[in-house]
There are 2 protein chains.
Amino acid sequence: MGRNSVAISGDVGGTHVRLALIDKNGTILSLVKRQVKEASKDDPYAFIKAVGTWCKDLMANADQAGFGVIGVGLGVAGKIDYERGAILFSPNLPHLNGVSIASELSGDLDLPVVIENDANAFGLGEGWIGSARDWENWLGITLGTGVGGCIVLNGELWRGDKDAGFSGEIGHTTIVPGGMPCNCGKKGCLEAYASESGLKKHVMADIQDEWKNCVFKPTYPDYYIANVNNITAKMLFEQAQVGDPYARALFDRFGEILGIAISNVFTTLGIFRAVIGGGVSNAWSAFFPSLEKSLREHCSMVDFSKIVISKSSLGDKAALLGAARCAFSSFEP
Amino acid sequence: MGRNSVAISGDVGGTHVRLALIDKNGTILSLVKRQVKEASKDDPYAFIKAVGTWCKDLMANADQAGFGVIGVGLGVAGKIDYERGAILFSPNLPHLNGVSIASELSGDLDLPVVIENDANAFGLGEGWIGSARDWENWLGITLGTGVGGCIVLNGELWRGDKDAGFSGEIGHTTIVPGGMPCNCGKKGCLEAYASESGLKKHVMADIQDEWKNCVFKPTYPDYYIANVNNITAKMLFEQAQVGDPYARALFDRFGEILGIAISNVFTTLGIFRAVIGGGVSNAWSAFFPSLEKSLREHCSMVDFSKIVISKSSLGDKAALLGAARCAFSSFEP
């Protein structure tokens, strides 16, 4: 053990599982990416067995290199029963709902296993060796297909009431009452505006509406219609960069609504720092000016001059690093 | 000391100061109410001196009855510098801004003095011997002229980042972007809908607008016009009780907007319990049905069946009791 101990860390997504060997300094020694469909889409036990096999490969690697594996940390989207180490509700992998993935995998590997919500894992990573490493109280946000979030108070992840199974779900706070329908079934959530799925919904609605309600119409509307099945945040960001007023307006609204959501959390908690990550945060230059303007307009209690909004410094490794951090703090004395 | 110890507790409002002697069980042994104008509206030191004189009367009472006063706890609206015991910003008593009221009063009385935000004091009271006494994680809301709030996590008041000077300001979260102007200078805050000043603003706007934008017009519009300088939450509640569709619609919106604000806090923190107090909570029967409907519509992550919204059980004594609690926990070993 000692300085040679490592953790196996996993980031379990809807289509891919990434697994890594990570040491106590946050150095990634080995990283593999596997497709979920290699395992099973329907049978949770076959899926867990496949993850176990991939973990055993990493354990063999660690052994060869002279490292001792202290345990496994997995970041998973959804609601989690921390006491049972079970997934209560997973939007991406519904066949895992109710399954005690931690104890199943632990039995297979003969190693302790801990699971954590993926946005919480993001927060653990950024707080450990990322943008928030010197902060006590802050909000973490991941902008991707949806919007994830976490809250860190007194340097500790706030996990919510133990009966709730979640916390930090800023993506499902209502920002525009009666607004755009969200994936969760509600209307006007942050996620329906400031995520890839939210952007896509707005474009689809505007195409169906023949751009009638757009104040800023696209320069080449046919481009969106031709690519209707392939609208991505990346494509919209590229359109914004070349000056398309429509894509720019979408990101302006993205930043405005995100600014209101962040202001609401700051005002509720009396905090003023946030880290933003996730794939869609790559469109930073497109949404940050309107985000900043919105924070100025909507934060009345917080001194605007104190506010710090940082981009994730760990990029797509944040959740993986955080899951390792979770394993170290759970299993190392 | 021991079982005979008491605290002096104060609730410092814009027009009145209430002071009480309260024992360790939360029994109010003595209560006085003084007008701020008896002291001074302009000179903060004259005001503090007057409060000191009123405290000395209570100290004499305590002495006669054989009690030992352990210290003073004061609940005050506004932003507070907890380290200095100073008021950073008081909306009701602006002449106190920047004044170290705790050390001034402490020097005068030769007793330790602690100050606390009034909504936090409400929370300390309700958590001690009120509706939330068995809860670990919850949201407190005071509905009055404005809307105050507090957050209790792991049974402790969450005071926010120490550089922020506030927390729990749910009243200034934005619920209706671009909506009714709020006292804080922003638009669409909860306070602009679910407080006495918010209700009043809506009536004034509708009168000026000659009721044009009201879907539910008043049965006797002249009644509101005749009482234009005397619109109160109590008067509107009475109108709602006699079936005036306009007053009912105002309270329906009040409940709806309050429900969105509470849902947002629940979703952000992964909690599901709240206590609502303050004078305007007396209109409970007028706004609670729409509040409940709104929670059902806007809480997607929290199981609706777990949600508990309780009315304050301490009524207008909550903040006074909480300020005493604050003194006991600050000054008793």
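Values in this document were obtained by computation on a predicted structure and should not be read as measured data.

What counts and what doesn't
Residues numbered from 1 in each chain as written. Chains lettered and ligands numbered in written order. Predicted model: local features only at pLDDT ≥ 70, side-chain atom pairs only at ≥ 80, totals over all residues. Heavy atoms only, no water. pLDDT = per-residue confidence, 0-100. Pairing = 2+ DSSP bridges. Helix = DSSP H or I, 4+ residues; strand = E, 2+ residues; numbered from the N terminus. Contact = heavy atoms within 4.5 Å. Axes fitted to C-alpha atoms, helices over the stretch in contact; angles between N-to-C directions. Buried area = accessible area lost by both parts, 1.4 Å probe. Salt bridge = Lys/Arg side-chain N within 4 Å of Asp/Glu carboxyl O. Core = buried A, V, L, I, M, F, W, Y, C linked by side-chain atoms within 4.5 Å. Buried < 20%, exposed > 50% of the residue type's maximum accessible area, 1.4 Å probe, protein only. Domains from an automatic or database assignment. Polar contact = N/O pair within 3.5 Å; in protein donor to acceptor, adjacent residues only side chain to side chain.

Observations concerning the confidence of the model for chain A
Per-residue pLDDT for chain A averages 94, and the proportion of residues at 70 or more is 99%. In the predicted assembly, ipTM is 0.95 and pTM is 0.96.

Quick notes on the sheet that holds strand E12 (residues 308-311) of chain B
Residues and elements named next belong to chain B. With mixed pairing, 5 strands are arranged side by side in an open sheet as E10-E9-E8-E11-E12. Both edges of this open sheet fall to strand E10 (156-157) and E12, since each of them pairs with a single strand only. The pairing of strand E9 (residues 147-153) with E10 spans 2 bridges and is antiparallel. Paired with Leu153 across the two strands is Glu156, which belongs to E10. Packed onto the sheet, helix H7 (residues 245-269) meets strand E8 (138-143), E9, strand E11 (273-277) and E12 and runs at close to 155° relative to E8.

Details of the interface of chain B and chain A
Facing 40 residues of chain B, the contacting portion of chain A comprises 40 residues. Of all residues in chain B, B:Trp158, B:Thr268 and B:Met301 bury the most surface against chain A, accounting for 19% of the area lost on that side. Our count for the chain B to chain A interface comes out at 4 salt bridges. A salt bridge links B:Asp161 to A:Arg273; the nearest nitrogen and oxygen atoms lie 3.4 Å apart. Looking at the side of chain B that touches chain A, the elements with two or more residues in it are E9, H7 and helix H8 (284-298) of chain B.

Considerations on the nonpolar core
With 119 residues, the main nonpolar core has A:Leu258, A:Ile309 and B:Leu258 as its most contacted residues. Dropping the residues within four chain positions of it, B:Leu258 is found in contact with B:Ile141, B:Leu143, B:Leu190, B:Ala194, B:Ile276, B:Phe287 and B:Leu291.

Description of the domain arrangement of chain A
Often the size quoted for an interface is simply the accessible area lost on bringing the parts together. All names here are of chain A. Along its sequence, chain A is organised into domain 1 (2-124 + 316-331) and domain 2 (134-312). Spacing between the C-alpha centres of domain 1 and domain 2 amounts to 28 Å. With 14 residues of domain 1 in contact, the opposing surface of domain 2 contributes 19 residues. Together domain 1 and domain 2 conceal approximately 1,100 Å² of surface at their shared face, both sides included; 62% is due to carbon and sulfur atoms. Ranking the residues of domain 1 by area buried against domain 2 places Ala119, Asn120 and Phe122 at the top, with a combined share of 45%. Applying the counting rule to domain 1 against domain 2 returns 1 salt bridge. If you look at where domain 1 meets domain 2, you find 2 residue pairs in polar contact (both at pLDDT 80 or more). Mapped by element, the contributors of at least two residues to the side of domain 1 that touches domain 2 are strand E5 (79-81), strand E7 (113-117), helix H4 (118-129) and helix H10 (318-331). It is H4 that provides the largest number of residues to the side of domain 1 that touches domain 2, a total of 5 residues.

Considerations on the pattern of salt bridges
This structure, assessed with the given rule, holds 28 salt bridges over all chains. When the shortest N-O distance is used, the salt bridge between B:Asp108 and B:Lys56 registers 2.9 Å. Linking B:Asp108 in helix H2 (residues 101-109) with B:Lys56 in helix H1 (residues 44-64), this pair joins segments that are 52 residues apart in sequence. Here B:Asp108 falls in the partly exposed class, since its relative accessible area comes to 32%. The network of salt bridges with shared partners includes A:Asp11, A:Arg18, A:Asp316 and A:Lys317.

Details of the pairing of strand E4 (residues 68-76) of chain A
All names here are of chain A. Across the 9 residues that make up E4, a large majority, 8, are buried. Strand direction decides the pairing type here: strand E1 (residues 5-12) and E4, joined by 7 bridges, are parallel. Bridge pairing in E4 places Val12 opposite Val76. The pairing of E4 with E7 spans 5 bridges and is classified as parallel. Looking at the pairing, Val72 lines up with Val113 of E7.

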